[in-house]
Structures are given as C-alpha cells and as structure tokens.
Amino acid sequence: MVTRPYVIDEMISAKSIAARIEELCREIQKEFADTDKLVVVGLLRGSFVFIADLVRELDLPIEVDFLEASSYGDGMESTQEVRILKDLRGGIEGRDVLIVEDIIDTGITLNYLTNYLAGKNPRSVKIVTLLSKPARRVVEIPVEWMGFEIPDKFVVGYGLDFGEQYRNLPYVGVLKPSMYTAILGKE
Ligand code: PRP
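Every chain is numbered on its own, with residues counted from 1 as its sequence reads. Note on the predicted model: pLDDT of at least 70 is required for a residue's local features to be given, and 80 or more for side-chain atom pairs to be given and counted; whole-chain, interface and lining totals, by contrast, use all residues. Side-chain descriptors were evaluated using all non-hydrogen atoms of the structure, hydrogens and water having been removed beforehand.

## So, the packing of aromatic side chains
So the rule is basically this: Ring geometry is summarised as follows: Phe, Tyr and Trp rings, the Trp one being its six-membered ring, pair when their centres sit within 6.5 Å, and such pairs are stacked at plane angles under 30 degrees, edge-to-face over 60 and tilted between the two. By the criteria applied, helices consist of DSSP H or I runs no shorter than four residues and strands consist of E runs no shorter than two, each listed in order from the N terminus. Any residue under 20% of the maximum accessible area for its type is buried, any over 50% is exposed, and the rest in between are partly exposed; the area is computed with a 1.4 Å probe on protein chains only.
Inspection of every chain in the model, using the stated rule, returns two aromatic pairs. The interplanar angle of 50° and the centroid separation of 6.0 Å between the aromatic rings of F32 and W145 together place this pair among those described as tilted. One end of the pair, F32, is in the loop between helix 1 (14-31) and strand 2 (38-44); the other, W145, is in strand 7 (residues 145-149), with 113 residues separating them in the sequence. Summarising the burial analysis for this pair, F32 and W145 share the class buried. Both rings, one in F154 and one in F162, keep their centres 5.5 Å apart while their planes meet at 80°; by these two values the pair is edge-to-face.

As structure tokens, this is what we get:
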C-alpha cells in the first residue's frame, strides 16, 4: 500500500472515496436504467483510478472509451489552452455519454471537451467528477454528479498528479507546501 505520509496530508480517505462511489453509482444507474447505449468516457490520465472503481460498481451494460486532453503543464497552474492528445476509439453518435473526470478546477478542459463531444452527435452527454474546486471556476460547467467539493488546495493521489508523481496513492491528499516549493523553487 502506497502512503507517502511525509509529503502528503490525507484529505479524503480511500474508504470515503469508495463509499461515495457507491452512492454516485446508485444515482447514475437510476438515470441510465433504460439505456443500452451508454459509453463511459474516461479523461486521461487523471481519471484512470476513478473510472476503474466507478465502472466496477456500475451495474449497467456499458462500453468504456478514453479521451486524453491536456490543459496543464508539469507545474500547478492551468493554462487556457486545451489540446486533444488522444481521441475516442469508438463512435458516440446517437449514444448516451458519461464523461468521467477526476477534478474540475477552472472548468476550461470540460467546457472544451463537452463542446467537442457534442460535435459528434451523441444522444446525451453527462458528467461525473470525483472532485470539484468551485473557488477556481472560470467557466461554469453543468455537472450531474460530483463526489466531493474541495477547497483551493493542490491535491494529489487517486489518479491526480504533481509533476506526474503520486497518481498511485490510494487516497486524495494535499501536497505539503515544502514539497512543491522545493520542486518549483518558489514560495
Ligand atoms: C487536470 C484534470 C482535469 C483538468 C481540470 O488534467 O485531470 O482534466 O486538469 O482542470 P480545469 O478544470 O482547470 O480545466 P491535466 O491536464 O493535468 O492532465 P492529467 O489528467 O493527465 O493529469
């Protein structure tokens, strides 16, 4: 079990995440009870842990696909630019789409991607995000399901990274400031 307690303060435990995912899945199942057309789209790379746990709790006939976009560099600030690095493998025309995101920060990534996916003529596009940081929002995004609203702190673990590290922590934690000041060389 990966813990790294010396650089991370736990914010949301693995147990709390699992319990919340069960609740989210009950709601998502109700919403999609009548469809056999659901495509669950994970946004790489951050959502890979969340989507893996989510789909195993989701008692529905689904397909899984992935899309990779990037709005961040290796540091901590998001940029306005969104680039698609890997497109969907399958088509979504006429399908119900559930986007699985790890965190909504400014909303710029999802704003871009929901418009992009809408251009492929799906039947519907809905969003589930594990985390949301409302204090950072620049673009309002309609989110159907959200795991946890969190304060404006830099979080890692459960798929989320800092400089591509810490994605394998089983919980969501806050990076101790000494860590990123050491790496970025600033206060
Ligand atoms: C992160 C995160 C979201 C996005 C949220 O992705 O996974 O996709 O930023 O930020 P926003 O709401 O300000 O647009 P990132 O580009 O860091 O890539 P990653 O998923 O590979 O870590």
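## Regarding the site of the ligand
Put simply, the test is: Near is defined per residue: the residue qualifies when any heavy atom it owns lies within 4 Å of the molecule or strand. A 3.5 Å cut-off defines polar contacts: any pair of N or O atoms within that distance qualifies, except that in protein one atom must be a possible hydrogen donor and the other a possible acceptor, and neighbouring residues in sequence count only when both atoms are side-chain atoms. Note on areas: Shrake-Rupley with a 1.4 Å probe; residue coverage comes only from the protein chains shown. All amino acids are sorted into three groups, where Ala, Val, Leu, Ile, Met, Phe, Trp, Tyr, Cys and Pro are nonpolar, Asp, Glu, Lys and Arg are charged, and the leftover types, Gly among them, are polar.
Taken together, 18 residues lie near the ligand, and E101, D102, T106, G107 and T109 sit nearest. Interatomic distance of 2.9 Å between a backbone N/O atom of R45 and an oxygen atom of the ligand. Residue T109 places a side-chain N or O atom 2.4 Å away from an oxygen atom belonging to the ligand. In isolation the ligand has 490 Å² of accessible area, and contact with the protein removes 92% of it. The set of elements that each furnish at least two residues to the shell around the ligand consists of strand 3 (62-72), strand 5 (96-104) and helix 3 (108-118). For the shell around the ligand, a count of residues per class yields five nonpolar, seven polar and six charged.

## Observations regarding the nonpolar core
Keep this limit in mind: Within this scheme, the nonpolar core is defined by two criteria: the residues are buried Ala, Val, Leu, Ile, Met, Phe, Trp, Tyr or Cys, and they are joined through side-chain atoms within 4.5 Å.
Among the nonpolar cores identified, the biggest contains 29 residues, and F50, L54, V128 and L131 are the most heavily contacted of them. When contributions to this core are tallied by element, the ones reaching two or more residues are helix 1, strand 2, helix 2 (48-57), strand 5, strand 6 (124-132), strand 7 and strand 9 (172-175). Top element by residues in this core is helix 1. It accounts for five residues. Counting 17 residues, the second largest nonpolar core, distinct from the first, contains V41, L43, I104 and L113.

## Focus: the environment of G147
To keep it simple, the criterion reads: Residues are treated as being in contact if the distance between any of their heavy atoms lies within 4.5 Å.
Secondary-structure assignment places G147 in strand 7. For the pair formed by G147 and I103, sequence separation is 44 residues and the distance between their alpha carbons is 9.6 Å. Among residues more than four places away in sequence, those in contact with G147 are R20, L24, T129 and L130.

## Considerations on the sheet that holds strand 1 (residues 8-12)
Worth spelling out the cut-off: Pairs of strands are assigned from DSSP output, requiring at least two bridges between the strands.
Spatial strand order, 1-9-8: three strands in an open sheet with antiparallel pairing. With partners counted over all chains shown, the strands left at the sheet margins are strand 1 and strand 8 (155-156), one partner each. Across four bridges, strand 1 lies against strand 9 in antiparallel orientation. Each bridged residue has a counterpart across the sheet, and for I12 the counterpart in strand 9 is V172.

## Some points on unusual backbone geometry
A cis amide bond, omega 0°, links L44 with the succeeding residue R45. Turning to its location among the elements, R45 is positioned in the loop between strand 2 and helix 2. Positive phi, normally seen in glycine, also occurs at E164, with a value near 70°. Counting through the fold element by element, E164 comes out in the loop between strand 8 and strand 9.

Shape is all these values report; function is a separate question.
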